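Chains, contacts and geometry: an overview
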Amino acid sequence: DAGVIQSPRHEVTEMGQEVTLRCKPISGHNSLFWYRQTMMRGLELLIYFNNNVPIDDSGMPEDRFSAKMPNASFSTLKIQPSEPRDSAVYFCASSPPGQGSRSPLHFGNGTRLTVT
Amino acid sequence: GQQVMQIPQYQHVQEGEDFTTYCNSSTTLSNIQWYKQRPGGHPVFLIQLVKSGEVKKQKRLTFQFGEAKKNSSLHITATQTTDVGTYFCAGWNDMRFGAGTRLTVKP
């Protein structure tokens with residue numbers, strides 16, 4: 001069974017460029033999460049989808065960030081324009097439907113983004 | 001959203017010593033989950049605690065959920081080098097993680 005698949009694994013771009021990160025959740029999972037991890041801020045929740053609908057996007061830093069989930073098997077996180085302070089590891093995670101409590105998250109391997 | 005505080009931030013132990021990390025919330029948690037992230041890796045689910053006062057064990061790891069469901073702890077007995085990594089708690093009221101405790105183990 002394939003896990004959560006993220007692409008690319010590494011992305012190096014120049015300030016001002018558009019960056020698109022991609023995620024394929026585990027089949028059958030109905031919740032998808034985007035997190036950003038840095039040394040300074042730890043693991044931050046950016047946005048959370050349930051059944052393809054954004055539920056909580058309060059963690060999205062600013063208008064430069066946008067996320068979509070057009071169907072149950074694909075999500076994107078876009079940064080436009082990118083800035084050096086966006087450099088981080090971005091994780092996508094998915095979870096199956098819960099049974100009375102929150103289901104565990106399954107994380108992808110992450111995308112390491114470097115903005116120069 | 002809720003704030004889950006985790007202490008200590010770092011812990012360095014000699015192999016064979018015990019290790020404990022604590023997770024505290026100002027609000028009651030519906031449940032709490034623990035994850036481990038190896039250096040360079042991604043967080044991996046360890047366990048979920050749901051009931052007040054619950055205690056669960058996984059080999060050398062013991063997880064506890066406080067009676068008031070506002071705190072939790074992870075205790076590792078006789079650490080090994082394979083225990084190295086960052087341990088996170090997450091209060092699943094709003095899917096936000098604590099800052100994590102980074103454990104290093106000296107052989």
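Structure's up top.
Overview of the structure. Note that the structure is a prediction, hence the values are computed from the model and not measured.

Quick notes on the rules
- Residues numbered from 1 in each chain as written.
- Chains lettered and ligands numbered in written order.
- Predicted model: local features only at pLDDT ≥ 70, side-chain atom pairs only at ≥ 80, totals over all residues.
- Heavy atoms only, no water.
- Pairing = 2+ DSSP bridges.
- Helix = DSSP H or I, 4+ residues; strand = E, 2+ residues; numbered from the N terminus.
- Axes fitted to C-alpha atoms, helices over the stretch in contact; angles between N-to-C directions.
- 1 Å grid on protein atoms, 1.4 Å probe; cavity = no way out; pocket = protein on both sides within 12 Å on 5 of 7 lines; lining within 4 Å.
- Points joined across faces, edges and corners; volume = space filled by probe spheres on them.
- Salt bridge = Lys/Arg side-chain N within 4 Å of Asp/Glu carboxyl O.
- Buried < 20%, exposed > 50% of the residue type's maximum accessible area, 1.4 Å probe, protein only.

All names here are of chain A. The four strands are arranged β1-β3-β8-β7 in an open sheet whose pairing can be described as antiparallel. Every interior strand has two partners, whereas the edge strands, β1 (5-7) and β7 (65-71), have only one. Ignoring strand direction, the axes of neighbouring strands in this sheet form an average angle of 15 degrees. By the bridge criterion, three bridges tie β1 to strand β3 (residues 19-24) in an arrangement that is antiparallel. Its bridge partner being in β3, Gln 6 is matched across the sheet by Cys 23.

Counted as a void, the largest pocket has a volume near 1100 Å³. What lines the largest pocket is a set of 44 residues, and nearest its centre among them are A:Gln37, A:Thr38, A:Gly42, A:Leu43 and B:Phe88. The set of elements that each furnish at least two residues to the lining of the largest pocket consists of β4 (31-38), β5 (42-50), β9 (88-95) and β11 (111-115) of chain A together with β1 (4-7), β9 (85-91), β10 (96-97) and β11 (101-106) of chain B. Take the lining of the largest pocket: its biggest share by element is four residues, from β5(A).

Across all of its chains, the model carries 11 salt bridges over all chains by this definition. Notably, a salt bridge pairs A:Glu18 with A:Lys78, separated by 3.8 Å at the nearest N-O pair. Within this pair, whereas A:Glu18 is found in the loop between β2 (10-13) and β3, its partner A:Lys78 is found in strand β8 (residues 74-79), the two being separated by 60 residues in sequence. Residue A:Glu18 is classed as partly exposed on the basis of its relative accessible area, which comes to 45%. Assessed through its relative accessible area of 30%, A:Lys78 is described here as partly exposed. In this structure, B:Lys56 and B:Glu54 form a salt bridge, with 3.7 Å as the shortest nitrogen-oxygen distance. Residue classification places B:Lys56 among the partly exposed positions, given a relative accessible area of 30%. Ionic contacts of the salt-bridge type, sharing partners, join the residues A:Glu62, A:Arg64, A:Glu83, A:Arg85 and A:Asp86 into one network.

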